[in-house]
Amino acid sequence: MERGMVLCLFCCLPCWVSGSSQVQCSADKGTVPVGGSVTMRCKLNSDCNTQDILQVTWRKQSGEFAGTIATSSRSHGQRFLGPYSNRKVRFAEEIQNCSAITIGSVTPGDQGCFQCIFNIYPLGASMGSVCLDITEASISDPKMEINLDSNNDHVISCSATGKPAPKITWNVTRTLEQNPQNYSINHPDQTVTVISNFTHRTLGRIHVTCVVHHPSLSSDIVLSKAIEDSQFFETSNSLSMTSLMIAAIVAAIPILIIIFYVIVHLCMKEHIIHKIHSHPGTHFCFLSRRFL
């Protein structure tokens, strides 16, 4: 068992609530990272006098180290038992109708439920429970994949495994055509794999960012990729070449018309027309004048 952990058992101020005897328990945090600390509190709501409480017992009900871990009584004082007796402990002043236990340097073995039992004379035992969820200090296998489906659309997927379940969000430079779909896979070791994916028809170039959030991380994990549709660029280049050719033809037509009319008007010169019969090559000019 790892040493250097602090376990503190203490009690709160007196509480007097009318009604039947009951115990209310809570923890200052439901999910605790490995190496952190947590305080569990149980409060006895009863008409009984504090002198009627013979002993307060803390037990671990599930997970590792199951069994009694701490007791406090007038006859035997305060003790820590089992694996918790090997840890550094510190007791505070105790008033027995409200008990609290603090576990420092939490380990995965602290995962589970704890029970606080008030032994009341002459009513007997009154108890309550509180559970802790211990998170691993790291998250494994975050990754992002991009594939093409049968329609040549991009299927973008991001996944991560952790305890508790990671959270995945997206940042995309263009509006998504559909909302991401999220799936969860539970594993025997209580870790959860979260998969988030969506299909997108890329027109040009977009930048996709997958952000993985987890309480054990000091900062989010960011995975980014750029997606480029080569077919789009080939089509764009082809359209650009076609547009240039059309523009060149349109620009050339007025020039050709001007050249044609210049030739016609030159042929219409009187001294060329008189030479039509002697120069057969000017027949074209004669016809041009006739029809113009």
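Please read these numbers as outputs of a predicted model, since none were measured by experiment. (Residues numbered from 1 in each chain as written. Predicted model: local features only at pLDDT ≥ 70, side-chain atom pairs only at ≥ 80, totals over all residues. Heavy atoms only, no water.)

Colleague: Before we go on, may I ask you to explain the sheet that holds strand β17 (residues 205-213) in this structure?
Modeller: Spatial strand order, β14-β17-β18: 3 strands in an open sheet with antiparallel pairing. If you trace the sheet from one side to the other, it starts and ends with β14 (167-172) and β18 (221-228), each paired once. Neighbouring strand axes in the sheet, compared pairwise and without regard to direction, differ in orientation by 20° on average. Inspection of the sheet shows β17 paired to β18 by 8 bridges, in the antiparallel sense. When the bridges of β18 are listed, valine 208 appears paired with lysine 225. (Pairing = 2+ DSSP bridges. Helix = DSSP H or I, 4+ residues; strand = E, 2+ residues; numbered from the N terminus. Axes fitted to C-alpha atoms, helices over the stretch in contact; angles between N-to-C directions.)

Colleague: So what exactly am I meant to see when it comes to the environment of asparagine 97 here?
Modeller: Assignment of secondary structure puts asparagine 97 in the loop between β8 (88-91) and β9 (98-103). Under the relative-accessibility criterion, asparagine 97 is labelled buried at 3%. Counting along the chain gives 45 residues from asparagine 97 to aspartate 52, while the straight-line C-alpha distance between them is 9.8 Å. (Buried < 20%, exposed > 50% of the residue type's maximum accessible area, 1.4 Å probe, protein only.)

Colleague: What am I meant to see in the sheet that holds strand β5 (residues 53-60) here?
Modeller: Here 6 strands make up an open sheet; going across it, the order is β3-β11-β10-β5-β6-β7 and the pairing mixed. Of all the strands in the sheet, the pair left with one neighbour each is β3 (31-33) and β7 (77-80). Ignoring which end each strand starts from, the neighbouring axes of this sheet average 25° apart. Bridge count for β5 against strand β10 (residues 112-120) is 7 bridges, and the pairing is antiparallel. Within the sheet, the bridge partner assigned to tryptophan 58 lies in β10 and is cysteine 116.

Colleague: Looking at this structure, I do not really get the environment of glycine 82. What am I missing?
Modeller: Here glycine 82 shows up in the loop between β7 and β8. Given a relative accessible area of 42%, glycine 82 falls into the partly exposed group. Separated by 17 residues in sequence, glycine 82 and phenylalanine 65 have C-alpha atoms that sit 7.3 Å apart.

Colleague: So what exactly am I meant to see when it comes to the confidence of the model for the protein chain here?
Modeller: Regions with low pLDDT carry predicted coordinates that are not meant to be interpreted in detail. Looking at the protein chain as a whole, the pLDDT averages 76, with 71% of positions reaching at least 70. When mean pLDDT is taken per element in the protein chain, strand β15 (residues 181-186) scores highest with 94 and helix α3 (residues 283-291) scores lowest with 48. Of the regions scoring below 50 in pLDDT, residues 13-20 engages in 18 contacts with residues more than four places distant in sequence or in other chains. Between residues 231-237, whose pLDDT stays under 50, and residues either more than four places distant or in other chains, the model counts 5 contacts. (pLDDT = per-residue confidence, 0-100. Contact = heavy atoms within 4.5 Å.)

Colleague: Where do I start with the state of the cysteines in this structure?
Modeller: One covalent bond between the sulfur atoms of two cysteine residues makes up a disulfide. Applying the stated criterion across every chain, the model contains 3 disulfides. Covalent S-S linkage joins cysteine 113 and cysteine 131, the inter-sulfur distance amounting to 1.8 Å. Given an S-S torsion of about 95°, the disulfide between cysteine 113 and cysteine 131 has right-handed geometry. Residue cysteine 113 is located in strand β10, and its partner cysteine 131 is located in strand β11 (residues 124-135); the two are separated by 18 residues in the primary sequence. (Disulfide = S-S within 2.5 Å.)

Colleague: How should the packing of aromatic side chains be read in this particular structure?
Modeller: For any two aromatic rings, the description comes down to two numbers: the centre-to-centre distance and the angle of the planes. Applying the stated criterion to the full structure yields 1 aromatic pair. Where tryptophan 170 meets phenylalanine 198, the ring centres are 4.9 Å apart and the plane angle is 90°; that geometry is what we call edge-to-face. You can see tryptophan 170 sitting in strand β14 and its partner phenylalanine 198 sitting in strand β16 (residues 192-200), a full 28 residues away along the chain. Across the pair, exposure class does not vary: tryptophan 170 and phenylalanine 198 are buried alike. (Phe/Tyr/Trp six-rings, centres within 6.5 Å; stacked < 30°, edge-to-face > 60°.)

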